[in-house]
Amino acid sequence: MFETITDILFLKDHNTRVVVISVMLLGVSSGIIGAFLLLRKRSLMGDVLSHATLPGIGLAFALMVAMGGTGKSLPGLLLGAAVSGAAGLLLMLAIRSTTRLRDDVAMGFVLSVFFGLGVAVLGMVQKIPGANAAGLESFIYGKTASMVFQDAALIGGVALVVSVVAVLFKKEFTLICFDDGYATSQGWPVVLLDIAMLALVTIVTVIGLQAVGLILIIAFLIIPAAAARFWTHRLDYMLLLAALIGALSGWLGASFSGIFSDLPAGAIIVLVAAAIFIISMFFGTARGVVPRLRDQARLKRRIGRQHLLRAAYEILEQQPGPLANVPVDRASLFAHRSWSPREFRRFLAHARAEDHLETATPDAIRLSESGFGEAARMTRNHRLWELYLIRHADVAPSHVDRDADMVEHILGADLVRQLEDELGDIGNHLPESPHAVQPAAL
Amino acid sequence: MPANPAPAVASIPHPEHPPDCPLAIHDLTVAYQRKPVIWDIELNIPEGSLVGIVGPNGAGKSTLLKACLDLVPKTSGWARVYGKPYAKQRHLVGYVPQRESVDWDFPVSALDVVAMGTYRRLGWFRRVGKKERARAMEAMEQVGIADYAHRQISQLSGGQQQRVFLARALVQDARLYFMDEPFAAVDAATEQAIVELLKTLRDQGKTCIVVHHDLATVSKYFDWLILLNMRVVAAGPTKDVFTRENLHKTYGGKLDLLENASIALSRS
């Protein structure tokens, strides 16, 4: 058993090798064209298209039988699928442009009607005397096991061509996806480019019917592209990643389906792609959930630390006599801002870990030398910003503190210098707080 | 030399439209689903001017621009750019669409968007190269966003995004610019940068046609003005056109706007 698995996964057997490679190429092409479809916000059109292929398959079979063949020629069946898929798309576009129905209504209508029609046609062709229509329904769920060498070679070859053409059109597709109005104003034939894009989608859908099936081919178009988007803000990388994810899903999907003959490849492909999608959603470096939460936590910690240092500095300022780094009472520090006891303890711990403060007595802390300097700098930035807002932005003084709190954390050195320039009369000394600092006593 | 040259009536479409006029519009009507949006527009924009288009919401300001750029079908009439239909003069025209018209979450950098201004010259299938990138950087420097060239566009502020669009139009090195609400929801620094840019362009002899919404700055920014409310209420040099009476005709019964208008007038 184990040997069979490695044999298939590592493409030892010639026939499986061709099948698996062709499904991988299918994944590459659908990843690339799917990325453009996603950016054009037309992913669901792929679903309409794939469902609309079914009547074409049945009719092509009937036609080929009537012409004296077995009706099982793959190119013939796929041609029928392509024609009826395109007809479905055109009908959808016609409904959309001639009526006031919304996109989703037009899509839902075409998708279900064509699929229903397809099921009816398949039912009828089963009854044609002398013809064997068994196996046609494998186009619905996909069945790599039924692929012979010639089919696989055809599918792989076409997928390769589609990928190359899509990459060739990268500049033009990007332009219409981002800004079709501008593209039109520049004289680009946006309608023709859209047709080219949908034609490529149609080809990928049709050649994917046998391996993945018409219900699940949409996953191959959407999921790799959507997963790739979590990792990058650059289109080139997104296309590359979508192609890789498509290939990986295709490889594992086709292999497992080869090992366990009851498992349709389409289902495995979707599950593999979905697993990659979920990992990407959480850990994607560009917009994943975990990196975002980590950044937020980091920012919150930094803001908390800054608040703590500033509070300590303001308390020191209020001490009688010249400013000196004397121990600060924990209770008055806690009362200085509205933080919860838990937050307060955590911020203290963070500041201690960074050597900004140390425990002086059980009830008091003392700023370290670096902490004192940092606190002075922080307080200065904060007050500069407050003054800037008051003088230049017409903010009522009583509202300044909150705004400044939010903004000082993103003040860079450049901006601070700019503020100093604009408020030249402050000179180098620390400006006084423009509003009454909260009394420290409690 | 013939003593009596025959008047060349047939070759000149309209005697009032000189062929070197950056934008001449004659009898232009645009209708969406039988409802006219703009009617009987008749305009002659003088070369080298900063032209503002103002009017209430739904007055057809954007539609007027889009009709000139062949983005919406004309129900009747025509618009000519330097004497010829727009389709033949694209190389002379730069277009800055409304900022909200695109999805800024798109996976491209600011530089990528600005470089789109070179696509038309590049033609089919050729990729953006060193020369195009250098040209794009130049335009970004001109509007003060060169530092953000490699940022993804969603990480830019609204004002910076607007400047990206301006830079993309500048890359085209056009003679006539159409700008749809470039001042909408931008910060003061960006507004200032755009005004400077407009004045530089005008001083180079270029013509800018700008959809604008802030009556208070009209007389400060524009030397030519079109007051639009489905029809052209008035068009001409700002000092002649920007009057209380004309504004009343343009904005009709919209009182709050009228109040703004009178404030604007008292400032000008």
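Residues numbered from 1 in each chain as written. Chains lettered and ligands numbered in written order. Predicted model: local features only at pLDDT ≥ 70, side-chain atom pairs only at ≥ 80, totals over all residues.

Details of the overall build of chain B
- Looking only at helices and strands, one finds 10 helices and 10 strands in chain B.
- Taken across its 268 residues, chain B has 41% of its residues classed as buried.
- Restricting to contacts in chain B with at least 6 residues of sequence separation, those with at least 24 account for 67%. (Helix = DSSP H or I, 4+ residues; strand = E, 2+ residues; numbered from the N terminus. Buried ≥ 20, exposed ≤ 12 C-beta atoms within 10 Å, placed from the backbone. Contact = placed C-beta atoms within 7 Å.)

Observations regarding the sheet that holds strand S3 (residues 364–367) of chain A
Residue and element names in this part refer to chain A.
- Strand order in the open sheet made by the 3 strands is S1-S3-S2, with antiparallel pairing throughout. Two strands close off the open sheet at either side, each with one partner strand: strand S1 (328–329) and strand S2 (357–361).
- Direction of pairing for S1 relative to S3: antiparallel, over a ladder of 2 bridges. The residue of S3 that forms the bridge with Asp329 is Ala364. (Pairing = 2+ DSSP bridges.)

Some points on helix H2 (residues 14–39) of chain A
All names here are of chain A.
- Between its terminal C-alpha atoms H2 stretches 38 Å, which fits the 38 Å expected from 26 residues at 1.5 Å a residue.
- Within H2, 23 of the 26 residues are buried, which leaves the element mostly enclosed by the surrounding structure.
- Positive phi shows up at Lys41, right after H2, with a value of about 55°. (Expected span 1.5 Å × (residues − 1).)

Some words on helix H3 (residues 43–51) of chain A
All names here are of chain A.
- The buried count for H3 comes to 7 of 9 residues, which makes it a mostly enclosed element.
- Of the residues making up H3, those classed as buried are Met45, Gly46, Asp47, Val48, Leu49, Ser50 and His51.
- Of the surrounding secondary structure, the elements contacted by the buried residues of H3 are H2, helix H4 (54–66), helix H5 (74–98), helix H6 (103–125), helix H11 (190–212) and helix H12 (217–229).

Comments concerning the confidence of the model for chain B
- Of all residues in chain B, 87% attain a pLDDT of 70 or more, and the chain-wide mean is 86.
- Contacts of residues 1–13 of chain B to residues separated by more than four positions or lying in other chains number 0 contacts, the stretch itself having pLDDT below 50. (pLDDT = per-residue confidence, 0-100.)

Points about the interface of chain B and chain A
- Chain B puts 16 residues into the contact, and the matching count from chain A is 18 residues.
- Considering only residue class, the side of chain B that touches chain A consists of 11 nonpolar, 2 polar and 3 charged. (Nonpolar A, V, L, I, M, F, W, Y, C, P; charged D, E, K, R; others polar.)

A few points about the packing of helix H5 (residues 158–171) of chain B against helix H6 (residues 188–203) of chain B
Residue and element names in this part refer to chain B.
- Close contact between H5 and H6 brings their axes to 9 Å; oriented N to C, the two are set at 20°. As the angle between them shows, H5 and H6 are arranged roughly parallel. Crossing angle aside, the handedness with which H5 passes H6 is left-handed. On H6, the residues touching Gly159, Gln162, Arg163 and Leu166 of H5 are Ala189, Thr190, Ala193, Ile194 and Leu197.
- Considering only residue class, the contact of H5 with H6 consists of 5 nonpolar, 3 polar and 1 charged. (Axes fitted to C-alpha atoms, helices over the stretch in contact; angles between N-to-C directions. Parallel < 35°, antiparallel > 145°, perpendicular 65-115°, else oblique. Left-handed = near helix turned anticlockwise from the far one by under 90°.)

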